[in-house]
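Spelled out from the first residue to the last, the chains are:
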Amino acid sequence: MSDNRPIGIFDSGIGGLTVAHAIRKQLPMESLIYFGDTAHLPYGDKSEAAIQAYSVKIADFLHRQGCKLLVIACNSASSAAYELLKEYIRKIKIINVIDPMVNWVSQHYEGRQVGLIGTRRTIHSGIYARKLAETGRNITLRPLATPLLAPMIEEGFFNNRISHEIIAGYLSSPELHNIEALILGCTHYPLIRNEISAYYNGEVAILDSAEIVARTVAEYLAANNLLNHQTPAPDRFLVSDYTRAFELATRIFFGREVRLEKQTLWE
Ligand code: DGL
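These numbers were taken from a predicted model, which means no experiment stands behind them.

What follows deals with the site of the ligand. Every one of the 13 residues lining the ligand counts as a neighbour, but Ser-12, Tyr-43, Gly-44, Asn-75 and Ser-76 are closest to it. Within the contact set of the ligand, an oxygen atom lies 2.6 Å away from a side-chain nitrogen or oxygen of Ser-12. Take Tyr-43: an N or O atom from its main chain is 2.7 Å from an oxygen atom of the ligand. Burial of the ligand by the surrounding chains reaches 98%, relative to a free accessible area of 300 Å². Structurally, the ligand is housed in the largest pocket. The residue inventory of the shell around the ligand, partitioned by class, reads 5 nonpolar, 7 polar and 1 charged.

Shown next as structure tokens:
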């Protein structure tokens, strides 16, 4: 059995390429269709209704491209639109970036204090706390909205003096005192993982969902006989608004520069 249909992945922009990159590494025989909604970026400050409307349109498009699985590679969209998308697209599995992380944390951090940083949308939704509570494990979540970080990274500010200052400003907040691990609740943040780890002198575990989500995708495909064993079709990278700056930034997020295609979903 071999299933050569692509895996559909979407994000508000190019941050989700960190997840796509982990999936590419874990599953080299699969082909990917990535959609970055660069016309509507950032999602982190949008209303739930707006993110739902964008996500339905994108998921519908990817489904019509014949994808065998959809990955919501964005915490903001996972928190606002996952439940709706599950109802809307019933024929294929949808994997979000929050549930695999919640499962992992619940298994490894019982009785401990865990910090969470992400966009306002993700943090104010309370979704991580709710899902962690549902696991029945005793984990104290310490959330903090860090809205400057995603635009800072998109603008290329990381590993420099300005990013150090902004990161230190957030991480020194009382909300994050005495944590033993920190969830990177935004798919942009793997790019500043080393800076965050350095702030804590390596003493706080930094939890990045990309690898965990890629493993979840691999396990699901294997368990459902959906793996591809033939030569895969080339990956495609679509954006709702094209700029050369986005294309150049893909190198940082995906590990290599990719050719972005403009895909009009909104007139
Ligand atoms: N990639 C989005 C997330 O994971 C953050 C960027 C945005 O606000 O659009 O939440």
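This part covers the packing of helix α4 (residues 99–108) against helix α10 (residues 209–223). Axis separation between α4 and α10 bottoms out at 9 Å; the angle between their running directions is 105 degrees. Comparing the axis directions of α4 and α10 gives the class roughly perpendicular. Residues Pro-100, Met-101 and Trp-104 of α4 touch α10, and the partners they reach there are Ser-209, Ile-212, Val-213, Arg-215 and Thr-216. Partitioning the contact of α4 with α10 into residue classes produces 5 nonpolar, 2 polar and 1 charged.

Reading guide: rules and limits
Residues numbered from 1 in each chain as written. Predicted model: local features only at pLDDT ≥ 70, side-chain atom pairs only at ≥ 80, totals over all residues. Heavy atoms only, no water. Near = heavy atom within 4 Å. Polar contact = N/O pair within 3.5 Å; in protein donor to acceptor, adjacent residues only side chain to side chain. Areas by Shrake-Rupley, 256 points an atom, 1.4 Å probe, with all protein chains shown as cover. 1 Å grid on protein atoms, 1.4 Å probe; cavity = no way out; pocket = protein on both sides within 12 Å on 5 of 7 lines; lining within 4 Å. Sits in = over half its atoms within 2 Å of the grid points. Nonpolar A, V, L, I, M, F, W, Y, C, P; charged D, E, K, R; others polar. Axes fitted to C-alpha atoms, helices over the stretch in contact; angles between N-to-C directions. Helix = DSSP H or I, 4+ residues; strand = E, 2+ residues; numbered from the N terminus. Parallel < 35°, antiparallel > 145°, perpendicular 65-115°, else oblique. Contact = heavy atoms within 4.5 Å.

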